[in-house]
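Descriptive analysis of the structure
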Amino acid sequence: MSWLSSSQGVVLTAYHHSGKDQAVGESHGKGGEEATSSRRYGQYALNQEITKVKEKPPFDRSSSQDSVDELSMEDYWAELENIKKSSENRQEDQEVVVVKEPDEGELEEEWLKEAGLSNLFGESAEDPQESMVFLSTLTRTQAAAVQKRVETVSQTLRKKNKQYQIPDVRDIFAQQRESKEKAPDGTESQSVRTNENKYQGKDDQASNLDVGEKEQILPVPEETPASETDINLEVSFAEQAVNQKESSKDGTQKSQGNNTLLPNFRLPIDKTGTTRIGDLAPQDMKKVCYLALIELTALYDVLGIELKQQKAVKIKTKDSGLFCVPLAVLLEQDQKKVPGTKIPLIFQKLISRIEEGGLETEGLLRIPGAAIRIKNLCQELEAKFYEGTFNWDSVKQHDAASLLKLFVRELPQPLLSVEYLKAFQAVQNLPTKKQQLQALNLLVILLPDANRDTLKALLEFLQRVIDNKEKNKMTVMNVAMVMAPNLFMCHALDLKSSEQREFVMAAGTANIMNLLIKYQKLLWTIPKFLVNQVRKQNTENLKKDKKMMKKLLKKMAYDREKYEKQDKSANDADVPQGVIRVQAPHLSKVSMAIQLTEELKASDVLARFLSQESGIAQTLKKEELFLYEIGGNIGERCLDDETYMKDLYQLNPNAEWVIKSKPS
């Protein structure tokens, strides 16, 4: 097995819990000759030489939850060496930026802004009512996560002697404590209620452990695959973690066994329909993102893992071209050529070129193209791609694969985003595979649209490569080892670390890559408990709006009883009980009344409607049409075929049901 010498090697980006890890890296550097000055290749800092030795270094299994000594790391180190060779022949288009570490108060203030709670502090803090509806829908662990950050920001602002009023965190959460006998939509379990004081007290043991204590915590034993088959999306992940911690308080620890074997997770049937990313209207998706950030933070708090959001790095970038160009700029260019495109055209073309050569090619993605040839191809592509004069026949399959990896790693901001890259890396520190999967699910939701769409296209392609593993010899772990350094390393977050920690980070990121590939269909699902929280927020806002409207009508001397009667009759508009009216404004048959039954699914409604549709508009195809739930306690939601309409109707009786195509 390859290994790096103590004085020269690859500098890996590591997730550090505190300055303690930094000190380890520094002491490592002093123990012998200082590492040769590193140069940046693409988006990575690599030392000038990679020295291989036959002996495997001492490795403490307790420092990682995975049996990393059983993983073949050859592909990982080989990929790093290939990156170095390729980068030696590339022009440097960007400058290295040293990121100033913001103080804790600034980080927590940024967190509250990202969570949609900026009006809990600052100049608008005098009237935090705007966030009260939002806060009232939080689970106890989510509220604890928000409370902890509000306290930190309040203390920081007081130290800075800000002139505006600083809200007392007890006042902000007093309303929830009084009214919250149970969490919304059944998300609060009995064990959480019985331990209420844990989250209402001034100290939260899980979220206030210092780094030394965290590293002493033994990993929670993972359940057997048989009992972990189903992923529960109806209960908050953080609440589930609390339950697991409570159930294992006796301190008994079972042997983890071989954690490299991944369980066969699956989604249980949800009669109200599975909601996937892209199914919700933007206004509801925005609320989901706020909640996902709070839930992710609550999960990390409960498990004693530090989560610090990295501030976006401002660096000089190109405003045109293909490589080293921000995704947003690239897509803006591409949409002028192909309106509505969500994935960079060069990225799509490189994948297409690889697949044209056949996915059975042995060593696909692992065997690099010649570095000089890659450099020349890059220059040609920059000059000729958009003109349509580039000769794709000159691109060999392994060259296309190298160009694809080059594109990913040379993005000015990493594909997993600067803000959440450390959080992705920290997933390896979560005790069980289920919790790692839950965290990844929330992180995928939090990615910007362009990053998420491009990542999805990449993972789907990687899965197609793995589907041909019998011939190309690229198993999921081989692919994960090759792709991990291209996704998880970023020059802006690079820190010194010990040799052992480099090894742990390499194995950890490869395992995260493995999870991203294997469970990608699950990761693009929005948990039901988040959708239910959005429904509750919408319901509360509707009540608030109705009260305001009634007051307005009263002031205007209208009869309230007449208004309420009209409001009621408008909702019931000649539709009998147990019947829904489905509308299709884009089709010739505009609407249809359909009787609800226990077994009626969304696919049945579509089939029944389309069977009587003589001619679908020329711009539409049957496979492009979907049934939507619109209004009531949701903005707009595209239904999956397996949605049971009666169950959904009971959840949202005031919704309208519309057949239309998905927006591009």
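Located above this text is the structure these notes cover.
What counts, and where the lines are drawn
Residues numbered from 1 in each chain as written. Predicted model: local features only at pLDDT ≥ 70, side-chain atom pairs only at ≥ 80, totals over all residues. Heavy atoms only, no water. Phe/Tyr/Trp six-rings, centres within 6.5 Å; stacked < 30°, edge-to-face > 60°. Lys NZ or Arg CZ within 6 Å of the ring centre and 35° of its normal. Helix = DSSP H or I, 4+ residues; strand = E, 2+ residues; numbered from the N terminus. Buried < 20%, exposed > 50% of the residue type's maximum accessible area, 1.4 Å probe, protein only. Core = buried A, V, L, I, M, F, W, Y, C linked by side-chain atoms within 4.5 Å. Salt bridge = Lys/Arg side-chain N within 4 Å of Asp/Glu carboxyl O.

**Considering the packing of aromatic side chains**
A complete count under the given rule lists nine aromatic pairs for this structure. The lysine or arginine in question, lysine 660, covers the ring of tyrosine 628, its NZ or CZ lying 4.7 Å from the ring centre.

**Some words on the environment of isoleucine 354**
Looking at the secondary structure, you find isoleucine 354 in helix α13 (residues 345-356). For isoleucine 354, a relative accessible area of 0% corresponds to the buried category. Considering only alpha carbons, one finds isoleucine 354 and lysine 396, 42 residues apart in sequence, at a separation of 8.3 Å.

**With respect to unusual backbone geometry**
The phi angle at cysteine 324 is positive, at roughly 60 degrees, despite the residue not being glycine. Inspection of the secondary structure assignment puts cysteine 324 in the loop between α11 (282-302) and α12 (327-337). The phi angle at leucine 365 is positive, at roughly 80 degrees, despite the residue not being glycine. Tracing the chain through its elements places leucine 365 in the loop between α13 and α14 (371-384).

**Section: the nonpolar core**
By size, the foremost hydrophobic cluster in this structure holds 132 residues, and its most contacted members are Val146, Tyr300, Leu403, Leu462, Phe488 and Met513. Ranked by the residues each element gives to this core, the list is headed by α11, at eleven residues. With 21 residues, the next largest nonpolar core counts Val582, Ala584, Ala602 and Leu606 among its residues.

**Side note on the pattern of salt bridges**
Applying the stated criterion across every chain yields a total of 20 salt bridges. With its nearest N and O atoms 2.9 Å apart, the salt bridge here joins glutamate 636 to lysine 660. With glutamate 636 in strand β8 (residues 634-638) and lysine 660 in strand β9 (residues 656-661), this residue pair connects regions lying 24 residues apart in the sequence. Judged by relative accessible area, glutamate 636 falls into the partly exposed class, the value being 21%. According to the relative accessible area criterion, lysine 660 is buried, its value standing at 17%. Here the residues in one salt-bridge network are Glu108, Lys148, Arg149 and Asp301, joined through shared partners.

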